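Observations on the model geometry
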Amino acid sequence: MNASLKPAVDTANLRSKNLIGGKWKDAHSGQTIAVENPANESILAYVPQGQAEDINEAVKVARATFESPAWRKIRPIDRGRLLENIARKVEEHADELAYLESLDTGKAVSFAKVIDLPSTIDVFRYMGGWCSKLGGITPPISFDGKEYHAYTRREPIGVVGAITPWNYPLALGSWKIASALAAGCTVVMKPTELTPLSTLRLAEICLEAGLPEGALNIVNGYGHEAGEALARHPDVDKITFTGSTVVGKKIVEYALGNMKRVTLELGGKSPSIVFGDADLDQVGLGAALAVFFNSGQICFAASRLLVQESVYDKVVEAVAAVASQFKVGNGQEPDTLLGPLVSRKQQERVLGYIQSGQEQGAKLVYGGQKVGDKGYFLQPTVFADADQSMKIVREEIFGPVVSIIRFKDEEEAIRIANDTTYGLAANIWTRDIKKAHRVAHRLQAGSVWINCHGVIDPAAPFGGFKQSGWGREISEEGLHAYTETKTVCALLDD
Ligand code: NAD
């Protein structure tokens, strides 16, 4: 193994309990969930199977902390310093966290180091900067002609329930934690039951960085137990959820009871649109990475590749050639590009889609097979001659499968790109700057990348149109979603 990928992780002593009020605890029921390494099917750890009782306890602590002067009276600039301290501590432990994330999710350590960790560190640093700048406005009041002084305040929403998925647990969890803390909220997080380990280590690092006990609480558990209890809890003021659209719709129902605020980051079926005038030297690798990165387990994976007919055959060939070069293997090997899928269930699900693609008449150009006997590895898979009637084109697969679709002109490309219930992201490959922006304006997607893909930055809002979600995360807009605006108005006339 390459020395630079060697772990600083003590796999025999992984953090694996609930964190409530600064104490590491088992579930009240005593039950546990096994956390598996998807590369070799071994058990990495057992985490508590938290349920309503554990959620209640954590919410009580988060509420008490939120109300406490010790939390409320932290000066904004000091809250910013706290987040900066967390960023620094995560930086110090970056190699360890990247390795842990790789063990748990299967992803390549080398990519966790350059994607997941910077995303985590940057969001704490970025949100830390906002703490001392979260001001309001002084609206000029016309009302009845008397003199008033009015101003707005951005107040923290209160106790935030956060639920995360398994593909980028550390980075996506950090988006929620950093934004909530920056706004002055306290948090109860339920990480995914499949890959919770980096979240637990992050929580420990937050405490080491000086975060007051009770400001961040973690309850492990299954979605239908701990997750539902958190989303239904009457003393949780906001729920921020990242996961599938199916579960996102349930979260909306659960949240209705006390009309908690809801942010949803959901699924996608994003298009890559390649025009005939694109730089084809860039497109093969660009379009392939846009879908296959993280073995396709990315919400904004560009799993529909729309190609203009004049370059269709060349692009199919180029993408298949790049896919065939991608090394599928254990994420801790230095040259691995695609690690395993997260679980046997996910591997079987994706294989089911591959079968349906073949049955519905798409042409399998590359891949489609499992790799090895142990672990949940799958070849990157390229389908050509796909169309809108096929399941592989309409449904989110969340695996390394691309469907390549032919189009004639700009209008047809836009029509096909928007013909989906999702609207998370899209990318456009062309050398024509006018066309690029014209098309970008008409795509129903929360992020549109031109001649690039997946440029996610804490300063840029991220989220979906249509059934890809509600609201935005990160950025100033994402931060505001953790606040309530209050208008205060005083009569000045006698
Ligand atoms: P999932 O919806 O199955 O699970 C996500 C989380 O919700 C997990 O923590 C799970 O335990 C919990 N959950 C499940 N059922 C629940 C319930 N009834 N009540 C409350 N919580 C419940 O999603 P997943 O399989 O972990 O992740 C893959 C999905 O996430 C894909 O659809 C992907 O597109 C989406 N995703 C979206 C984004 C984004 O930013 N838009 C990012 C990453 C992943």
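None of the values given here were measured: they were computed from a predicted structure.

Definitions and cut-offs
Residues numbered from 1 in each chain as written. Predicted model: local features only at pLDDT ≥ 70, side-chain atom pairs only at ≥ 80, totals over all residues. Heavy atoms only, no water. Helix = DSSP H or I, 4+ residues; strand = E, 2+ residues; numbered from the N terminus. Rg over C-alpha atoms; globule rule 2.2 N^0.38 Å. Buried < 20%, exposed > 50% of the residue type's maximum accessible area, 1.4 Å probe, protein only. Contact = heavy atoms within 4.5 Å. Areas by Shrake-Rupley, 256 points an atom, 1.4 Å probe, with all protein chains shown as cover. Patch = residues over 30% accessible without salt bridge, like charges linked within 9 Å, V, L, I, M, F, W, Y side chains within 5 Å. Salt bridge = Lys/Arg side-chain N within 4 Å of Asp/Glu carboxyl O. Lys, Arg positive; Asp, Glu negative; His and termini not counted. Charge placed at Lys NZ, Arg CZ, Asp CG, Glu CD. Pairing = 2+ DSSP bridges. Axes fitted to C-alpha atoms, helices over the stretch in contact; angles between N-to-C directions. Right-handed = clockwise from strand over helix to strand, strands pointing away.

Quick notes on the overall build of the protein chain
Broken down by element type, the protein chain carries 16 helices and 21 strands. At 23 Å, the protein chain has a C-alpha radius of gyration in line with the 23 Å of a compact globule built from 494 residues. Projected onto its principal axes, the C-alpha positions of the protein chain cover 75 × 65 × 40 Å. Counting the 494 residues in the protein chain, one finds 57% classified as buried. A fraction of 73% describes how many contacts in the protein chain between residues 6 or more apart in sequence connect residues 24 or more apart. Of the roughly 19900 Å² of accessible surface on the protein chain, 51% is carried by carbon and sulfur atoms.

Structural notes on a negative patch on the surface
Residues Asp144, Glu147, Asp493 and Asp494 make up a contiguous surface patch of negative charge. If you trace the backbone, Glu147 turns up in the loop between helix H5 (109–130) and strand S5 (148–156). A relative accessible area of 47% places Glu147 in the partly exposed class.

Notes on the sheet that holds strand S17 (residues 401–407)
In space, the 7 strands of this open sheet follow the order S13-S16-S17-S12-S11-S18-S19, with mixed pairing throughout. Bordering the open sheet on either side are strand S13 (363–366) and strand S19 (447–450), each of which pairs with just one other strand. The mean angle between the axes of side-by-side strands here comes to 25 degrees, regardless of whether they run parallel or antiparallel. Relative to S17, strand S16 (residues 381–384) runs parallel, the two being bridged by 3 bridges. From the neighbouring strand, Val382 faces S17, where its bridge partner is Val402. In this fold helix H10 (residues 280–292) packs onto strand S11 (271–274), strand S12 (304–308), S16, S17 and strand S18 (425–429), with an angle of close to 165 degrees to the strand it touches most, S18. Helix-sheet contacts for helix H15 (residues 433–442) involve S11, S18 and S19, and the interaxial angle to S19 is about 165 degrees.

Focus on the pairing of strand S6 (residues 159–163)
With 5 of its 5 residues buried, S6 lies for the most part within the structure. Residues Val159, Gly161 and Ile163 of S6 are buried on one face, and the alternating residues Val160 and Ala162, pointing to the opposite face, are buried as well. Pairing analysis gives 5 bridges linking S6 to strand S7 (residues 186–190), with the strands arranged parallel. In the sheet register, Ala162 faces S7, and the bridge partner there is Met189. Handedness of the S6-helix H6 (residues 169–183)-S7 crossover: right-handed. Relative to strand S9 (residues 238–242), S6 runs parallel, the two being bridged by 4 bridges. Paired with Ile163 across the strands is Phe241, a residue of S9.

So far we have only geometry, and geometry alone does not tell us how the molecule works.
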